[in-house]
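Chains, contacts and geometry: an overview
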Amino acid sequence: MHAVFHNQVVAPNIRKVAGDKAAIDHALTTSGPEAFAWLESLGPEMFLIGNRLSIADLAVVSNLITFQYMGHRIDGARFPKLSAYFRRHISSPAMQPVLSAEKPFVEQ
């Protein structure tokens, strides 16, 4: 999601230059779906590795949260396991207060 974040948020809002629309489109149509397909192939239930939260889950979920904050969504029909995995994490009691605290910043 680096290409999307950099070109949709950093370039126009911080660097004050136009983002690269082609890079965003490539990430949304090619590299993003490839990454989602790989994650989908893992068949994630609650955790990616073992039976407890790990840095792998935090890395994936935090990137997906940012993706959502930028106005994009995981295609639940195409990636149902990944979509369900993400929903489980963002609706967890541990995540709800954090997401609520971020809401005013995100809405800006």
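Everything below is about the structure printed above this text.
As a starting point, this report considers the structure included with it.

What counts as what
- Residues numbered from 1 in each chain as written.
- Predicted model: local features only at pLDDT ≥ 70, side-chain atom pairs only at ≥ 80, totals over all residues.
- Heavy atoms only, no water.
- Salt bridge = Lys/Arg side-chain N within 4 Å of Asp/Glu carboxyl O.
- Helix = DSSP H or I, 4+ residues; strand = E, 2+ residues; numbered from the N terminus.
- Buried < 20%, exposed > 50% of the residue type's maximum accessible area, 1.4 Å probe, protein only.
- Expected span 1.5 Å × (residues − 1).
- Bend = angle between axes of the 7 residues up to and from the residue.
- Contact = heavy atoms within 4.5 Å.
- Polar contact = N/O pair within 3.5 Å; in protein donor to acceptor, adjacent residues only side chain to side chain.
- Core = buried A, V, L, I, M, F, W, Y, C linked by side-chain atoms within 4.5 Å.
- Phe/Tyr/Trp six-rings, centres within 6.5 Å; stacked < 30°, edge-to-face > 60°.

1. Describing the pattern of salt bridges
Pairing is possible between side chains that carry opposite charge, provided their charged atoms lie close to one another. Tallied over the entire structure, the rule returns two salt bridges. Note that Lys 21 and Asp 25 form a salt bridge whose closest N and O atoms lie 3.0 Å from each other. Taken together, the residues Lys 21 and Asp 25, both in helix α2 (residues 21-41) and four residues apart, mark about one turn of the helix. Given a relative accessible area of 31%, Asp 25 falls into the partly exposed group. Between Glu 107 and Lys 103 there is a salt bridge whose closest N-O contact spans 3.9 Å. A residue pair is termed a helical-turn pair when its members lie 3 or 4 positions apart in one helix, as Glu 107 and Lys 103 do in helix α5 (residues 96-107) at four residues.

2. Observations concerning α2
Spanning 21 residues, α2 covers 29 Å between terminal C-alpha atoms, matching the ideal 30 Å at 1.5 Å per step. Considering bend angle alone, the principal kink of α2 is centred on Ala 27 and spans about 45 degrees. Three or more residues of α2 are buried, namely Ile 24, Ala 27, Gly 32, Pro 33, Phe 36, Leu 39 and Glu 40. The secondary structure elements touched by the buried residues of α2 are α1 (2-15), α3 (55-69) and α4 (80-90). The opening residue of α2 is Asp 20, an N-cap whose side-chain oxygen sits 3.0 Å from the backbone nitrogen of Ala 22.

3. Let's talk about the nonpolar core
Phe 36, Val 61, Leu 64, Ile 65, Ile 74, Leu 82 and Phe 86 are the most contacted members of the largest nonpolar core, which totals 15 residues. Broken down by secondary-structure element, the contributors of at least two residues to this core are α2, α3 and α4. With five residues, the top contributor of residues to this core is α3. Sequence-distant contacts of Ile 65, defined by excluding residues within four places in its chain, comprise Phe 86, Ile 90, Met 95 and Leu 99.

4. Overview of α3
For α3, with 15 residues, the first-to-last C-alpha span of 21 Å sits near the 21 Å given by 1.5 Å per residue. Following α3 by one or two positions, Gly 71 adopts a phi angle in the positive range, close to 95 degrees.

5. Details of the packing of aromatic side chains
The full count for this structure, using the stated rule, is two aromatic pairs. When the centroid spacing of 5.5 Å and the interplanar angle of 80 degrees are considered together, the rings of Phe 36 and Phe 67 count as edge-to-face. Here Phe 36, found in helix α2, pairs with Phe 67, found in helix α3; they are 31 residues apart in sequence, far enough to count as distant. Under the relative-accessibility criterion, Phe 67 is labelled buried at 5%.

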